[in-house]
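Working through the structure, step by step
The lines below spell out each chain.
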Amino acid sequence: MISNLIKMTGLCQIQWRICEKRDVIITTLFGLGSGFLYYFLAQNYQTIVGFHFDDNIYFGLDQLDAFAGWVTNHKGIHPLLLFIVVPLSNLLAFFTGSYESGLMVFCGLIGGLTSAGFYLLLRLILSRHPSIILNSFFILSMNQLFFAALADTYELVAFSLILIFILMILCLKNQKLYFPLWLIAGLFAFSITITSAIQVAICFSVVLFSLKDRCLALEKLIVFPITILVLGFVLSLFQVWIFPGAQHFFQPDVYNHEMQYVKPHILTHPIQTIIEIFKSIFIYSFIGQDPKIVSFKPGVHVMMVYYKTITSFGWFGILSIVLWLIIFFRGIFFNLKDKSNQFIFWTSAIGTLSNLVLFSIFNTEEIYLYSPHFSFITILLMVHPHVFKGRLPLIAGWVLLVFLAINNFGVQSRLMDKYRVENHNTIINKGEMWRYFPGVENPGESWTSLDYDDSSWQNGPSGFGYGDGDDATKLPDMQGNYSTLYIRKSFSIQNSANISKLIIDLKYDDGFVLFLNDRLVLKEYSPSQLEFNSLATGDHSADVTERFICSSSHLIEGENIIAIMVLNWSINSSDLTMIPVLHTKNVAD
C-alpha cells in the first residue's frame, strides 16, 4: 500500500542529482549544525525582556501564539497551521518535559530542516563548494539568526517555499510535472500562510510554461488552484471541529482584519518606500545593524524594527555589505548574460518583484518580519555556476562569511546583553523624590557635584514635565518661559567593587545631559555648549523607554549624585518628559 502511494506521488520517478554520500553528509551536518545554533539562540532569547510574559513581542512577533498552544490566537490567514504545529510542538514538549522547552527544540528543528533544504536546492544548480558558501551565508544571515530561533511561523514559511523551489527545479530538469507532489507541497505552503500562494503560483506556472504539451499545461493551471482551495476548505472544516478556537480562512472577517495592514505607502511616499523596501530585502535581511527600539517596557517587552532607521553599520557590517553586493551583482550579470539558468533566475526575479509590490502596500513598516519568506529567493537571483569561479571570488565568498558572522553575532550579543532579564538591583525607581530647578537662570557651575547645595531647589517625584500625561511632577509654567530643567538625586552605593555595570533606563523628551559624580556619562540631542536657555538639537518623542549600559567606574563607595539637565527642542514645545530609573548589576549575577 505504501509503495502504491509513493508511485502515485511520482517520488519514485524523480531523478535526483543529490545522490553522493558526501552530499548526504554535508546536508546532515548543515541541518544538525544550524539546528543546534538556532536552538542555542532560542534559549538565549528566553532571557530577553518579554519572552516569558503575556505581552511577548520581539520584532513584532506574536510569541503568544506559540506559548498559548497556537490555538488561542489562530488566524485564518494561516489556514491549516494548527494541523502542523500543534501535534509537533506537543510531541516535542512530551519528550523535553515542558512546553517551553519543546518550543525551543521546535525552533531548532524547523531551522535545521530549512538550512538542509536550501543546501539541497543549491546543489541542484551549483557545484558543492559554492553551495556550501551560499548556504552558510543563508544560515548566518540576520533574519535567519532572528526568526529561525523564534517560535513563530516565519521559518515554516521559508521551509515550505524552499520545498516548492526544489520541486520546480526537479520538474524543469526532468521535464515532468509530478502533479500529485505539487498538490502536497502547494497545500503545505498554503496551509501555513495564504500569501505563500503567490510564490507557489509563480513556480507552478514556470513549470507549466516549460512543458511542451500546452493543453495539459492549461488543464493543470485550472485544476491546481481549484483542488488546493477545495482541499483547504474541507481540511479547514475538519480543523475547526478538532480545534474549536481555529478560524476558517474563507471567512470575510479574516480578510477584513488583514485589510488594516494595507497602506499604500508607495503612493504617498514613493521614494522613501522604495528605499526602505530595497534596504530590507537586499541588505537588512542579510547584514544586520542594531535595530531601532520602538517600544521597551522593562520587565514586559521589547519591540524592534529596521524600518526608517538611520543606517549605522560597523566596519565588519560595511565590509560585509560591499562584498555581498559585489558577489550579488556578479551573479546577476552572469544570469543575464548566460541563458542556461534562465528559468530559475526569472522565477526568482518575478518572486522578488512580487514581494517588492506586495510590501509596498501591505504592512510596509514591518517588512523585516517577513524577511524569511523571501531572503532565499533573493539569494537565488545571483545563483550561477560561474559566480564563484576562480580563486579570488572563492576567497571573497569565505571572507564574506567571516565578516558576516562577526557582524551579525555582534548585533545578537549586544541585544541580548542590553535587554536580557537580569538579576539587578534597582537603586532609583520611577516616582522617587528628586530635587529640581527650572532653567530660568544658571544654577551654578558645580550643580553636578555631590558638594553642591541644592537645599533651595524644589522637591518632586519623577517623572518630570508637562503636556503628555506621564508626569508626576508637572511644570505648567515651562511652555513659553524656559527650555531646560535641572534635576538631582543622591544615592548610596555599598561594595562598589562588586558592581559590574550600571543600567540606566530613561524615558525622555526631547534631549538630556546626564552626569554621575560630576562626570559626563550620557547625552542625547544636546548641543555642544550648554547654557541655561539651551535647546535640544532634535525633536525626540518619549514613547519609548530607552536603556543605556554604562561602566560601573562612574560610581564611588558611599554617597553618589546623579544630575540631569533636560532640554526642550523649542521654548514653545507642547511637552517635556524625563523619567529616570537606575539599576546596578553585581559581578556575581
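Procedures and definitions
- Residues numbered from 1 in each chain as written.
- Predicted model: local features only at pLDDT ≥ 70, side-chain atom pairs only at ≥ 80, totals over all residues.
- Heavy atoms only, no water.
- Buried < 20%, exposed > 50% of the residue type's maximum accessible area, 1.4 Å probe, protein only.
- Helix = DSSP H or I, 4+ residues; strand = E, 2+ residues; numbered from the N terminus.
- Pairing = 2+ DSSP bridges.
- Polar contact = N/O pair within 3.5 Å; in protein donor to acceptor, adjacent residues only side chain to side chain.
- Salt bridge = Lys/Arg side-chain N within 4 Å of Asp/Glu carboxyl O.
- Expected span 1.5 Å × (residues − 1).
- Contact = heavy atoms within 4.5 Å.
- Axes fitted to C-alpha atoms, helices over the stretch in contact; angles between N-to-C directions.
- Parallel < 35°, antiparallel > 145°, perpendicular 65-115°, else oblique.
- Left-handed = near helix turned anticlockwise from the far one by under 90°.
- Nonpolar A, V, L, I, M, F, W, Y, C, P; charged D, E, K, R; others polar.
- Phe/Tyr/Trp six-rings, centres within 6.5 Å; stacked < 30°, edge-to-face > 60°.
- Lys NZ or Arg CZ within 6 Å of the ring centre and 35° of its normal.
- Core = buried A, V, L, I, M, F, W, Y, C linked by side-chain atoms within 4.5 Å.
- pLDDT = per-residue confidence, 0-100.
- Patch = residues over 30% accessible without salt bridge, like charges linked within 9 Å, V, L, I, M, F, W, Y side chains within 5 Å.
- Areas by Shrake-Rupley, 256 points an atom, 1.4 Å probe, with all protein chains shown as cover.

Comments concerning the pairing of strand β11 (residues 499-509)
Among the 11 residues of β11, 9 are classified as buried, and the element is accordingly described as predominantly covered. Pairing of β11 with strand β16 (residues 576-586), which is carried by 10 bridges, proceeds in the antiparallel orientation. Paired with Y508 across the strands is M578, a residue of β16. Taken together, the 6 bridges between β11 and strand β14 (residues 546-551) define a ladder with antiparallel strand orientation. Note on β14: the bridge partner recorded for K501 is S551.

Some remarks on the side chain of R547
Tracing the chain through its elements places R547 in strand β14. At 2.8 Å, the side chain of R547 and the side chain of D505 are in polar contact.

Here's the deal with the pattern of salt bridges
Taken as a whole and assessed by the stated rule, the structure comprises 8 salt bridges. A salt bridge links R123 to D23; the nearest nitrogen and oxygen atoms lie 2.9 Å apart. Of the two residues, R123 sits in helix α5 (residues 99-123) while D23 sits in helix α2 (residues 21-45), which places them 100 residues apart along the sequence. This pair shows no difference in class: R123 is buried, exactly as D23 is. A relative accessible area of 0% places D23 in the buried class. Through salt bridges with shared partners, one network takes in D23, R123 and R128.

Points about α5
Taking 1.5 Å as the rise per residue, α5 with 25 residues should run 36 Å; its terminal C-alpha atoms sit 36 Å apart, in good agreement. With respect to burial, α5 is a largely interior element, 18 of its 25 residues being buried.

As for helix α15 (residues 315-337)
Taking 1.5 Å per residue as the helical rise, α15 with its 23 residues ought to reach 33 Å, and the 33 Å between its terminal C-alpha atoms agrees with that figure. If you check which residues of α15 are buried, you get G317, S320, I321, L323, W324, I327, F328, G331, I332, F334 and N335. Buried residues belonging to α15 abut α6 (128-140), α14 (270-284), α16 (342-361), α17 (371-380) and α18 (391-419).

Let's talk about the packing of helix α10 (residues 196-210) against α16
Relative to each other, α10 and α16 sit at 150°, their axes nearing to 10 Å. On the basis of their axis angle, the class for α10 and α16 is roughly antiparallel. The interaxial crossing formed by α10 with α16 has right-handed handedness. The segment α10 lies against α16, with I198, Q199, I202, C203, V206, F209 and S210 engaging F343, T347, I350, G351, S354 and N355. Along the lines of polarity and charge, the residues of the contact of α10 with α16 split into 7 nonpolar, 6 polar and no charged.

Quick word on the packing of aromatic side chains
What the rule picks out here adds up to 43 aromatic pairs. One aromatic cluster is present, built from ring pairs that chain together F146, F147, Y154, F359, F362, Y368, Y370 and F374. The residue whose ring lies beneath K220 is F179, and the NZ or CZ to ring-centre distance is 4.2 Å.

Concerning the environment of F83
For F83, the position within the fold is in helix α4 (residues 81-96). The class for F83 is partly exposed, based on a relative accessible area of 27%. Sequence separation between F83 and S236 is 153 residues, and the spatial gap between their C-alpha atoms is 9.5 Å. If we ignore the near neighbours within four places in the chain, the residues touching F83 are L235, F238, Q239, I242 and F243.

Describing the nonpolar core
Formed by 125 residues in total, the largest nonpolar core has its most connected members in W182, F376 and I379. Sorting elements by how many residues they give to this core places helix α8 (residues 154-174) first, with 14 residues. Beyond its immediate chain neighbours, meaning those up to four positions away, W182 contacts I164, L167, M168, C171, L177, L187, V200, C203, F204, V207 and F224. Listed in part, the 31 residues of the second largest apolar core include L485, I493, V521 and L555.

Here's the deal with the sheet that holds strand β12 (residues 511-516)
Spatial ordering of the open sheet is given by β7-β6-β10-β15-β12-β13, a layout of 6 strands whose pairing is antiparallel. At either end of the open sheet lies a strand with only one pairing partner, and these are β7 (458-461) and β13 (519-524). The sheet shows a mean angle of 25° between the axes of neighbouring strands, direction not considered. Relative to strand β10 (residues 484-493), strand β6 (residues 433-438) is paired through 4 bridges, and the arrangement is antiparallel. Bridging across to β10, Y436 finds its partner in I487.

Some thoughts on the confidence of the model for the protein chain
Confidence in the prediction of the protein chain, expressed as mean pLDDT, is 84, and 89% of residues score 70 or more. Contacts of residues 1-15 to residues separated by more than four positions or lying in other chains number 20 contacts, the stretch itself having pLDDT below 50. Low pLDDT (under 50) marks residues 50-58, which in the prediction has 32 contacts with non-local residues, meaning those over four places away or in another chain.

Quick word on a nonpolar patch on the surface
Together, L218, L221, I222, V223, I226, V230, F233, V234, L237 and F250 make up an exposed nonpolar region whose accessible area comes to about 850 Å². Structurally, the position occupied by I226 is in helix α11 (residues 214-242). Classification of I226 as partly exposed rests on a relative accessible area of 49%.

Digging into the environment of G245
Position of G245 relative to the elements: it lies in the loop between α11 and α12 (252-258). Residue G245 is classed as partly exposed on the basis of its relative accessible area, which comes to 39%. Considering only alpha carbons, one finds G245 and K75, 170 residues apart in sequence, at a separation of 9.5 Å.

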